[in-house]
Structure formats: structure tokens, C-alpha cells
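Fold and geometry: a report
So the chains spell out like this:
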Amino acid sequence: MDRYIHAPDPATGLDFLWRRLAALAALLLGLGLALWPDFARAAPGEIDITLQARHWIDPSGSLDIDEVARRPVEDFAAMERYRSFRLDGGVLWLRLELPERDAARRWYLTLSAAAFTNRATLYTAGPSGAWTSQQAGDHLPVSQWAHPDQTPVFVLDSQAAGPVWLRLENQPAPVSPRLIVLDERQLQETRQWTFLMVGGYLGFGLLVLFIGWVHARLYADRAFIAYCCYVACMLGFQAAFTGVGGLFFWPDHAAWNDAAPPVFMLWLTASGIWFVREVCMVSRHHRGVDRLVLAWSVFGLLFPVLYLLLLNRPAFILLNLYGLLSVLLSFSLCIWTWRRGETYAGWMALGFLPVHLAYPFPALRSAGLLPDSWATQYAVLIGSAIEIPLLLYILHRRAKDFNENRARSRAIESTDPLTGLTIAPVLHLRLRDALRRARRYDHRCGLVLVELSNHAAILDREGREAGDRALVVAASRLSAVVRDVDTVCRTAETRFAVLVEGPEDLRLLGQHIVAKGLERVPLLPSDLTLRFRLVSAALPDEADGSLDAGRLLERLNHALDRLADDPRKVVLHLPQKA
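Report on the accompanying structure. Computed from a predicted structure; not experimentally measured.

Concerning the overall build of the chain
Helix and strand content of the chain: 17 helices and 15 strands. Per-residue burial for the chain yields a buried fraction of 50% across its 578 residues. In the chain, of all internal contacts separated by at least 6 residues, the share reaching a separation of at least 24 is 76%.

Some thoughts on the sheet that holds strand β1 (residues 47-48)
Ordered in space as β1-β10-β5-β8, the 4 strands form an open sheet in which the pairing is antiparallel. A single partner strand is all that each edge strand has here, and the edge strands are β1 and β8 (153-156). The pairing of strand β5 (residues 107-111) with β8 spans 4 bridges and is antiparallel. Bridged to Y108 within β8 is V155. Strand contacts of helix α3 (residues 184-219): β5, β8 and β10 (179-183), with the helix running at about 110° to β10, the strand carrying the most contacts.

Details of the environment of L111
Within the secondary structure, L111 is located in strand β5. Taking relative accessible area as the criterion, L111 reaches 2% and is therefore assigned buried.

Side note on helix α13 (residues 424-441)
Since the α-helix advances by 3.6 residues per turn, residues separated by three or four positions end up pointing in the same direction. With 18 residues, α13 extends 25 Å between its outermost C-alpha atoms, agreeing within 8% with the 26 Å of an ideal straight helix rising 1.5 Å per residue. Among the residues making up α13, those that are buried are V426, L427, L431, A434, L435 and A438. In an axial view of α13, the angular spread of the buried residues amounts to 165°, which keeps them on one side of the axis. Summarising the contacts, the buried residues of α13 are in contact with β11 (445-452), β12 (487-490), β13 (495-500), β14 (532-539) and α17 (549-563). Just beyond α13, the residue with positive phi is D442, at close to 55°.

Looking at the nonpolar core
Counting residues in hydrophobic clusters, the biggest one holds 68 residues, and the most contacted among them are Y227, M234, F275 and M348. When residues of this core are traced back to their parent elements, those giving at least two are α3, α4 (222-241), α6 (254-280), α8 (287-310), α9 (313-339), α10 (343-358), α11 (360-366) and α12 (374-412). Among the elements that take part in this core, α4 stands out by supplying 12 residues, more than any other. With residues near it in sequence (within four places) discarded, Y227 still touches V208, G212, F275, I388, P389, L391, L392 and L395. Ranked by size, the runner-up nonpolar core spans 27 residues in total, among them L421, V450, A466 and A475.

Comments concerning empty space enclosed by the protein
Evaluated as defined, the whole model comprises 2 cavities of 30 Å³ or more. Counted as a void, the largest cavity has a volume near 670 Å³. The wall of the largest cavity is formed by 40 residues, among which F237, P261, P262, M265 and L319 lie closest to the centre. Taken together, the elements giving at least two residues each to the lining of the largest cavity come down to α4, α6, α8, α9, α10 and α11. Examining the composition of the lining of the largest cavity, we find that 10 residues originate from one element, α6, more than from any other. A per-class count over the lining of the largest cavity returns 26 nonpolar, 11 polar and 3 charged.

A look at the pattern of salt bridges
Summed over the entire model, instances satisfying the criterion amount to 28 salt bridges. Note that R95 and E97 form a salt bridge whose closest N and O atoms lie 3.0 Å from each other. The buried category is assigned to R95, whose relative accessible area is 16%. Among the salt bridges present, the one from R105 reaches D183, with a minimum N-O distance of 2.5 Å. You can see R105 sitting in the loop between β4 (91-96) and β5 and its partner D183 sitting in strand β10, a full 78 residues away along the chain. The class of R105 is partly exposed, set by a relative accessible area of 40%.

Things to note about the side chain of H285
Tracing the chain through its elements places H285 in helix α7 (residues 282-285). Look at H285 and you get buried, because its relative accessible area is 13%. Those residues within four positions of H285 in sequence are excluded, and the remaining contacts are C280, W336, T337, R340 and E342.

Details of the packing of aromatic side chains
In this structure the tally under the stated criterion is 18 aromatic pairs. With a centroid separation of 6.2 Å and an interplanar angle of 20°, the aromatic rings of Y230 and F275 are classed as stacked. A residue pair is termed long-range when its members are at least 10 positions apart, and Y230 in helix α4 and F275 in helix α6 qualify at 45 residues. Judged by its relative accessible area of 4%, Y230 falls in the buried class.

Comments concerning the environment of P148
Residue placement: P148 occurs in the loop between β7 (131-136) and β8. Taking the C-alpha atoms as reference points, P148 and Q135, 13 residues apart in sequence, are found 9.9 Å from one another. Each residue touching P148, except ones within four places of it in the same chain, is listed here: V142, S143, R191 and L247.

A few points about the state of the cysteines
Under the criterion given, the structure shown has 0 disulfides. Between C280, a cysteine without a disulfide, and C334, which holds the nearest cysteine sulfur, the sulfur-to-sulfur distance is 4.0 Å. In this structure C280 comes out as buried when scored by relative accessible area, which is 0%.

Describing the sheet that holds strand β9 (residues 164-169)
The strand order across the open sheet formed by 6 strands is β3-β2-β4-β9-β6-β7, and the pairing between neighbours is antiparallel. Only two strands of the sheet have a single partner each, and these edge strands are β3 (77-78) and β7. Pairing geometry for strand β2 (residues 54-58) and β4, over 5 bridges, is antiparallel. If you follow R54 over to β4, its bridge partner there is R95.

Points about the pairing of β2
As judged from the 2 bridges shared by β2 and β3, these two strands associate in the antiparallel manner. Within β3, the residue paired with H55 across the bridge is A77.

Parameters at a glance
Residues numbered from 1 in each chain as written. Predicted model: local features only at pLDDT ≥ 70, side-chain atom pairs only at ≥ 80, totals over all residues. Heavy atoms only, no water. Helix = DSSP H or I, 4+ residues; strand = E, 2+ residues; numbered from the N terminus. Buried < 20%, exposed > 50% of the residue type's maximum accessible area, 1.4 Å probe, protein only. Contact = heavy atoms within 4.5 Å. Pairing = 2+ DSSP bridges. Axes fitted to C-alpha atoms, helices over the stretch in contact; angles between N-to-C directions. Expected span 1.5 Å × (residues − 1). Arc of directions from axis to C-beta. Core = buried A, V, L, I, M, F, W, Y, C linked by side-chain atoms within 4.5 Å. 1 Å grid on protein atoms, 1.4 Å probe; cavity = no way out; pocket = protein on both sides within 12 Å on 5 of 7 lines; lining within 4 Å. Points joined across faces, edges and corners; volume = space filled by probe spheres on them. Nonpolar A, V, L, I, M, F, W, Y, C, P; charged D, E, K, R; others polar. Salt bridge = Lys/Arg side-chain N within 4 Å of Asp/Glu carboxyl O. Phe/Tyr/Trp six-rings, centres within 6.5 Å; stacked < 30°, edge-to-face > 60°. Disulfide = S-S within 2.5 Å.

Written out as C-alpha cells, the structure reads:
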């Protein structure tokens, strides 16, 4: 079948290796940019105060703002670099000395790229010394945030006295603060660009999802159903991970806003493994591996329940380990099945490449090895925007090829494998229908039985291959002299039947058939031509009211056998019965 190929030659393997090396170089470059502190700096007009902050962790998480503010400044360590903090049930306190700002403008403090912080509280002391608090975070419905947005945003009071204090808590993932001060215009511009990018991505994803579902209904292929599940989970994950889901889709549901990122991540990974299993047809190559892959996918589907019940450090490590191993598993399955002959498995490995290259950014951020940045927030979104249409195109090509294979397989049931003509049972059905139409509408049709009379001579002189070629050419030339509505059928080793629909001069048609056979046959000696001998009959025969196609063919076969006794005569037109 077309889905199988031979083992790739060395040149193809070398090209593939170079592509993988180039991808690895791109990954290393991206990681270098993410780890480079200046890459995370604020945009022009924004003020990044992350490295100006001083931090202290309250291990118990029970101290209030008054107790923390009374602690000496020496207890708060300077933030010397962008970093992550593993709190383990504690609370991170940040002491912020705000830079000078234009009092005529309204200023905000944002926790950039921190859409999944459990709780963030900003404390500001007024002129009287009273504390004013603003709250945000996943443990609070977005609609109840002090300033609802995709990430925690706080208004900076121009009348605030002294430093401001930011309290952060997050469990079980590390917290990685990146603090940006910007005015109202800059905040709106940031929001507009973010919503444009994420909204365009979600709209494009929904369109691709619809096209995938149409293909699933059209081709009845489970691979498209798995693809649709994968895309739907990817869209849900990006909506939750970027904070757009909490702002627009579930603003009043804090519990789901907190649970959505890990749940969608696990479902996304599980559906991706299922998708790879269907496309790579793992069950065809090893039943044990197929069962392992299926169990791995089911585990990802069910693990969110256990994760949300435990919500501790071991469960978080297991979640990240599952994601990492799933990336390696999917790529390994694609390469393994590709090496075993699954053509499209290799293309699948390339199709997944954009997301596989982007995955380390959020994964390393979750592990506390990378700080929050634009790359950790949007790398997978950009990678999936490239990956999703690529996978759909690969699936479309795969389904098209497989559908053509199935069509050819079905055609074999009704066509002669050597000549491609219809087989006798199909001729019988069409002949019976033609006779019924002829009687109902009072018009004529015809049946011509043709024999390649010198086939035995061609076999004796040139061999079986030349004999088969002569039959194929004979079928082609018979098809060329009739109309599209007529039927040409191979009824025996060297005999063909031509059902002529509608009025037709059968004598003239017989002359054309004989003349067509006398034309030179390519790849055969020039002195060898196709010698046709034929018998024709006009239908229906008024004296014979039978609609039995078998009887009609038997009558013409007997006449053709008798015609063979007179080698000088090659055409016989049977008269109607009296």
C-alpha cells in the first residue's frame, strides 16, 4: 500500500539529521535568550523595578502587613537577578521603592506574565499611615480583583507614603515575580496587543478545529477525532495559561481558574499521545507498545483528579515529569514507526517540532529554573499556531492517500485487475437495466461480443508478458471507440463485451473496432496487430421477451464460436428472431 515505504536511504537520513541539528541549535539559542537577563527587560516607556525590590519569605505565611513592615530592612535581601522562589507553603514579601512618576498620569504595577499566581496583595500606606490593600490571583474570582485583567494589576496611589509591599503566595509551583510600572496608556496598549494576539490565535484555532471536524465526518478517520481533541485542549490550555480565560470565559469561578492550567495541560498531553498513536498506527507494529501508549494517554486523562486532590510538591513534580516524558514519547513513537514504514509518522515528528521546541520555556519556568518572561508565557502559543495547521495539512494528505487506496481496493471488486474494465456481474446488471429502459421508452440498444483471435499466436511468439500487454491494449482500444455511457467488459480470457446504450449503427461500430485493432501496437513487433473477431445483436429482441442477460451472452458466445470456423469472416450481425 502507499502508506508503506522502504527504509530511508542514507541521503534522506542525513538530511533529516541536519534538520534535527538545526532545530537543536534554534532551541539552544532560544534558551540562551530566555536565560539572558536583559531579554526580559521592560519595553520602552515601561519601568522594570524587579531588580530594585527586596525580598523576604515568611515560612509560616501567617504574618500580617504590620508585622512585616516593622521588620528591619536588613532582613530583606536584595533582588540581584531575575529568579524564582519555591515557597512550600510560605509567603513571599517584596519591599518596593517606587521610582519617581509623573503625578499628572495614572500609574499601575503589573505582575507581568504571572497569570497563574494563587494570590497577590499590594499594600500601600496612606498619608495617615493606614494600609490600603488590592488583591488579585487565582484564588479570587477575576471579577472581584481590584483591577480585573489577564494578570494581576494594581493601581499606584500618587499619595502613597513610603515603600509599598507586595505579598505573593503560590502552591505548589514556584513564584517568579517580574514587576513592571507603567501608565494607563501603556497598559491599554499592552492589553490591546495581547488581546489581539490571543484572540486571533483562538479564532484561528476554532476555524482549524471546525475544518478538522469536517474532515473527521468526511473520511470517518479516528485520527481526525484525536486531532480535534488535541486542538480543543490546546485552545483551552492557552486561554487558561495566558489569563484570557479567567478574564472573559470564567471570571466568577476562582476554583476553575486555578485548576484550568494543569488540567488542560494534562488533557492536552494525553490527547496528543492518543493522536500520535492513531496516526502512527502503533497497534500494527507492536501490541505491547500500543497498550502502553494507550495506558499512558488514559493516565493523563485521569491524573487531574488526583493532582487537584493532592495539590502538593510531589504531584507537581509528577505533572511536569509526565509532560516531559510525553514529549519524548511522542517523538520516539513517530521516529520508530517511521523507520518501520509509516510514511506520515516522519512528517508528524516535524509537525510537532514547533511545540516541542517551545515546550522547555514554560516547563523550565514551572520548575523554577526560568523567571517569568514573554518567552515563558507565549512560546507554546506561537509554536502551536505553527503546529496546528501543519498537522491538519499532514492529516489531510494522509487521509487523501488512504482514501485513494480504499477506492482502489473497492474498485478491484468490480473491475478486471489486468485491463481495468468492469467484470461480468456488473455487465449483467447494466445489461438488464438497459433492456428494461429500452422496453419502457421504446428505443434500441446493442450488445457486441469481441474476441482477440490472435492472442494464442502472440503468446507463442512473444511470451506471456506480450500477451497480457495485447489484452490491455485491446481493452483500451475498445474503450476508445465507444461513448462514455457505453460499457466495455472483459467476459473471458480473450473475449470482451460492449454494451451500447441508445441508438447506434452496430455495423459501423464493428468496422471501427476491427480497424482499430489493425493499428500498430507499441512495444510489439510491427507485423503483430490485434485481430478482432466480433458478433453483435440489436436489443431488445421483440420475439424474445426475456430480460435474462445470461441467455443473451450465451447466444452471442455460441455465435462467436461458430464464427471461428470461418477464418475469412470476422464480423457477424445477428438478425432478430422472427
